[in-house]
Every structure is written in structure tokens, then in C-alpha cells.
Amino acid sequence: MAALEIELVPCLRDNYAYLVHDPDQGLTAIVDPSEPDPVRKALTARGRKLTHILNTHHHFDHTGGNIPLKEEFGATVVGPAKDRDRIPGIDVGVDEETNWTFGRREVLVLEIPAHTRAHIAFVVDDAAFTGDTLFAMGCGRLFEGTPAMMWSSLSKLMRLSDSTRIFCGHEYTLNNGRFALTLEPQNEDLLVRMRDVEAARARNAPTIPTT
């Protein structure tokens, strides 16, 4: 089975949507489209037709493109079943019991609430789309959950393979690292990592994916 092709699609000020293409089945999904235009441009550049829209949670900066993209392409919207009433245009609700398939690929659905009450992650092959629960060097704000819920969600993600590539919802790495340095200013691993992050951001290059 050919490897999934995953492309970062910058949206808004610091959001990332992800174009996920299965070359075997000719399927193309967008994960967390906050706005339609950057997605359209990415599809046109690759000559692809959108078949699926995947949402990790209901926030508008992750679902704002759902309706216009669904209307244009007839794409199937897949999102957290437990938040069906807040996912625009949802067709398929998923959770840890249902999981999901993308073509012939099994997709593991992890329920990782705290940022929102019904946040999920999609894990396919070696990629995990974690939305706003897990970032590089940080986690999401607790809008609808508790610290205990967040700890449980992060612990669930920690059980994934160490080689799993993490595709998160925002380019927050630089700020997360700066905060970490206020707590551990002598951490040599962190200092080395931050030099790489600062260099990448100076080039306007993404720091995602990470592992």
C-alpha cells in the first residue's frame, strides 16, 4: 500500500489544515479546514478533488470551511459523534467504538477531550491528527474540560508509537518553547530544540510535523 501524501495547508493567522491523499484509492481529505480558499488552492495545485472533510472538534477555526467545501465538492464530513450538533454539515459521527476507514485504511479514532468536551484525534498509518489537544511542546487550553481530563487525553496519545508523526492544529511551537524555558531555563535538550525552532520560524518554515 502506497504511503499517504500529507500536505500542510496554512490558514488564518497560525492554523494548519492538512490535505491527506490516498494514491491507491484516489481519495483526498482535508483535516480541520478553517477557511475554504487555501484548501481550494491546494487542491487545484495538485489537481485533486476533495472527497472527505475531517474535524477533530467544533471550533470555527477548524470547521469554518466545512459548508462551502462540502457544497462545492460533495465531500463527506466526518467528526466527533458526541458533538454532532456543533459540527457544521456532519455526515458521519465517529468515536472510539466506531473508528473509521479511509478507503482501505483503518483509522483509529481516539477520544481526547478537555480542550472541548468531545475532541477526537484521527490516527492513520504513522500519522496522528491531534487538533488542539496536543501541540509541539504544549497542549490546548481547557475550554470545556478539566486538568484531569487533559492528563487522561495526553496519556492516551502517549501510548502511540514514539515514531508517530503529530499533525496539530496550530503553529504554536515557538511560544510553547518560550514558556517551557521559563520553567526549565537550563534544560539543554530544550535549548537545542529551541534553536532549531527559532531558525525554522525565521525562514517562515513550519515546525510541524513532530513526533
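For the structure, check the block above.
Residues numbered from 1 in each chain as written. Predicted model: local features only at pLDDT ≥ 70, side-chain atom pairs only at ≥ 80, totals over all residues. Heavy atoms only, no water.

Draft legend 1. Representation of the packing of aromatic side chains. What the rule picks out here adds up to six aromatic pairs. Taking 5.7 Å as the distance between ring centres and 55° as the angle between the ring planes, the aromatic pair formed by Tyr18 and Phe129 counts as tilted. Taken together, the residues span a long stretch of sequence, with Tyr18 in strand β2 (residues 15-22) and Phe129 in strand β10 (residues 127-131) at a distance of 111 residues. Accessibility classification places Tyr18 together with Phe129 in one group, the buried group. Overall, Tyr18 belongs to the buried group, its relative accessible area being 1%. Taken together, the ring pairs in this structure connect Tyr16, Tyr18, Phe129 and Phe167 into an aromatic cluster. (Phe/Tyr/Trp six-rings, centres within 6.5 Å; stacked < 30°, edge-to-face > 60°. Helix = DSSP H or I, 4+ residues; strand = E, 2+ residues; numbered from the N terminus. Buried < 20%, exposed > 50% of the residue type's maximum accessible area, 1.4 Å probe, protein only.)

Draft legend 2. Inspection of the nonpolar core at higher detail. Formed by 24 residues in total, the largest nonpolar core has its most connected members in Tyr18, Val20, Phe102, Phe122 and Phe129. Contributions of two or more residues to this core are made by β2, β3 (27-31), β7 (100-102), β8 (105-111), β9 (120-124), β10 and β13 (165-168). Each residue touching Val20, except ones within four places of it in the same chain, is listed here: Leu4, Glu5, Ile6, Leu27, Thr28, Ala29, Val31, Phe102 and Phe129. Judged by nonpolar contacts, the second largest core, of 16 residues, contains Leu19, Leu69, Ala75 and Ile90. (Core = buried A, V, L, I, M, F, W, Y, C linked by side-chain atoms within 4.5 Å. Contact = heavy atoms within 4.5 Å.)

Draft legend 3. Spatial organisation of the sheet that holds β8. As summarised here, the arrangement of the five strands in space is β7-β8-β9-β10-β13, forming an open sheet in which the pairing is mixed. Strands at the two margins of the open sheet, each flanked by one partner only, are β7 and β13. The mean angle between the axes of side-by-side strands here comes to 30°, regardless of whether they run parallel or antiparallel. (Pairing = 2+ DSSP bridges. Axes fitted to C-alpha atoms, helices over the stretch in contact; angles between N-to-C directions.)

Draft legend 4. Focus on helix α6 (residues 188-202). In a regular helix each residue adds 1.5 Å, so 15 residues correspond to 21 Å; α6 covers 21 Å between its end C-alpha atoms and thus fits that length. Of the residues making up α6, those classed as buried are Leu190, Met194, Val197 and Ala200. In a view along the axis of α6, the buried residues occupy a sector of 125°, so they form one face of it. Relative to its buried face, α6 has exposed residues pointing more than 90 degrees away, namely Glu188, Arg195, Asp196 and Ala202. (Expected span 1.5 Å × (residues − 1). Arc of directions from axis to C-beta.)

Structural measurements only, silent on function.
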